[in-house]
Amino acid sequence: MDQKEIEDPEISDEDNAIQASDLKLSAALRDKFDSISFDGKREFRCFSNFLSLLCDMLHGSDDDRSELLTKNRDLYSKMAIVLRQFAFRLDENDEVSLHFALVLAKMSEIDRIIIMNDVTDHDPIWNYLKTLQSEFFEKMDLPQDSIQFSLLHYRLVILSNISLDEEMGRKISKYLSIFFPETSNYIQLLEKAIETNHIVGEPMIALLVNISRYETFENILMIDKKEVEDFIAMIIRGFEQSHHEPIRKSCLSLLCNLLLFNFAQDILLDDDMELIPKILLPLAGPTGELYDEEDMAKLPLDLQYLPEGTEIEKNQEIRNNILKCLLLCCNTRLGREKLRENGTYLVLRELHKTESIRPLQKRIEDIVDILIKEESEYDGIDDLLKLKIPNELNSKLDEMDKALLEL
């Protein structure tokens, strides 16, 4: 329950396709290869071998690429060092750098560790982070087929993928907290990511989700309560208003991560935020048909008398993330009280009748089980997440959960 949300965007088939023939015809590629000052370059033996490795990584399925990385791990690991020299250098915005960035992005989808082989504190990727905000603002609205827009896209995909790894995620979060020490920086990035072309907006929000797992991000948020309120309001607005499902899902993942910070949970659960009514709404369905007058009066005003034809959220991942948010609210007494005040039990009772995905049914049951208990049963427990359970009992509970999921 305490694992924070992470995001892993992928490069779609509709992204810029670079054919092997394009690479072979590029004299600039060979010039760039010859200019690389990296001793491990000799392990490629010649330019044609390096080119072959590039082409192999660009084509085939994920399984094909995974097999290539497994069989040639040492070679691709050294190749990643070469690619990083140009994919993240700010003075490199040509077609060859685009090739390199695309290969790195595709490698990061399969193996996010291999592409960060032998990374040092002087690696171009850290210098690039200094300019992340300005580059995003400058290039996010460029034509999709432009080299600069595509480079921005691939760089963001690489960063969002490598930040899934805890060590790299912490390091990226640390550098960004130094370069961008104010919550306002992240409000601006989030706002633009929600509003702009989702091709670059989606990996940017995924990156924000991944770095929000760590104390460095929490420390930034604790500086200014008003800015935290604005940040949270922006996340909720993105969830409510975006028509792009991955963006909505990522906004919910951000909320899940913030709910693990006690000070942020207090802000999230403030009545002015209306968090619980807003995330319950996609689960409520046509309440005008489902509830009698007594139960209807227990629902928030925005959930009352929803008309016939009001649909429950169809996206399974979004329903799952909403339930995760609700479950995280159950960790504290304040959260449980707010859930009860907003008729959460009633909404989940009806949702359980129509939910067909067993793991989601189980999550509904877990939330309801917590809410129907008397608060006296939680006396002395300030945060359920901090409750220490013996390993032996934990194993038994895991086995019980598995058995329940199979029902």
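Explain unusual backbone geometry here, please?
Negative phi is the rule for most residues except glycine; trans is the rule for most peptide bonds. We note that Asp118 has phi near 55°; this positive angle belongs to a residue other than glycine. Relative to the elements of secondary structure, Asp118 occurs in the loop between α6 (95-110) and α7 (124-130). With a relative accessible area of 56%, Asp118 lands in the exposed category. Phi angles above zero are rare outside glycine, and Tyr305 is one such case at about 55°.

Help me understand the environment of Leu327 in this model?
Mapping Leu327 onto the fold places it in helix α20 (residues 316-329). Spatially, the C-alpha atom of Leu327 lies 7.8 Å from that of Asp366, the residues being 39 residues apart in sequence.

Sorry if this is basic, but what is going on with the packing of helix α5 (residues 73-87) against α6 here?
Helix-helix packing is characterised by the crossing angle of the two axes and by the distance between the axes. Relative to each other, α5 and α6 sit at 135°, their axes nearing to 9 Å. As far as their axial angle goes, α6 and α5 are oblique. Two packed elements cross with a definite hand, and for α5 against α6 that hand is left-handed. In this structure, α5 uses Tyr76, Met79, Ala80, Leu83, Arg84, Phe86 and Ala87 to contact α6, whose residues at the interface are Ser97, Phe100, Ala101, Val103, Leu104 and Met107. Partitioned by chemical class, the residues of the contact of α5 with α6 number 11 nonpolar, 1 polar and 1 charged.

Before we go on, may I ask you to explain the packing of helix α9 (residues 147-162) against helix α12 (residues 198-211) in this structure?
Packing of α9 against α12 brings their axes to within 9 Å, and their N-to-C directions diverge by 25°. Between α9 and α12, the crossing angle belongs to the class labelled roughly parallel. Taken as a pair, α9 and α12 cross one another with a handedness that is left-handed. In this structure, α9 contributes Phe149, Leu152, His153, Leu156, Val157, Leu159 and Ser160 to the contact, and α12 contributes Ile199, Val200, Pro203, Met204, Ala206, Leu207 and Asn210. Residue classes in the contact of α9 with α12 are distributed as 11 nonpolar, 3 polar and no charged.

Got a minute to help me understand the pattern of salt bridges in this structure?
Any two side chains of opposite charge can pair, given that their charged atoms come close. Using the criterion set out here, one finds 28 salt bridges in the structure. One salt bridge connects Lys226 with Asp230, and the closest N-O pair in it is separated by 2.9 Å. Of this pair, Lys226 and Asp230 both sit in helix α14 (residues 225-241), 4 residues apart, which is roughly one turn of the helix. Owing to a relative accessible area of 32%, Asp230 belongs among the partly exposed residues under this scheme. The shortest N-O distance in the salt bridge between Lys278 and Glu240 comes to 4.0 Å. Linking Lys278 in helix α17 (residues 275-284) with Glu240 in helix α14, this pair joins segments that are 38 residues apart in sequence. The network of salt bridges with shared partners includes Asp295, Lys298, Arg349, Glu350 and Lys353.

I'm lost on the nonpolar core in this one. Help?
Generally speaking, soluble globular proteins have nonpolar side chains that are buried together. Residues Met107, Leu159, Leu258 and Leu326 are the most contacted members of the largest nonpolar core, which totals 118 residues. Beyond its immediate stretch of four places on either side in the chain, Leu159 contacts Phe88, Ile125, Tyr128, Leu129, Leu132, Ile172 and Leu207.

Parameters and conventions
Residues numbered from 1 in each chain as written. Predicted model: local features only at pLDDT ≥ 70, side-chain atom pairs only at ≥ 80, totals over all residues. Heavy atoms only, no water. Helix = DSSP H or I, 4+ residues; strand = E, 2+ residues; numbered from the N terminus. Buried < 20%, exposed > 50% of the residue type's maximum accessible area, 1.4 Å probe, protein only. Axes fitted to C-alpha atoms, helices over the stretch in contact; angles between N-to-C directions. Parallel < 35°, antiparallel > 145°, perpendicular 65-115°, else oblique. Left-handed = near helix turned anticlockwise from the far one by under 90°. Contact = heavy atoms within 4.5 Å. Nonpolar A, V, L, I, M, F, W, Y, C, P; charged D, E, K, R; others polar. Salt bridge = Lys/Arg side-chain N within 4 Å of Asp/Glu carboxyl O. Core = buried A, V, L, I, M, F, W, Y, C linked by side-chain atoms within 4.5 Å.

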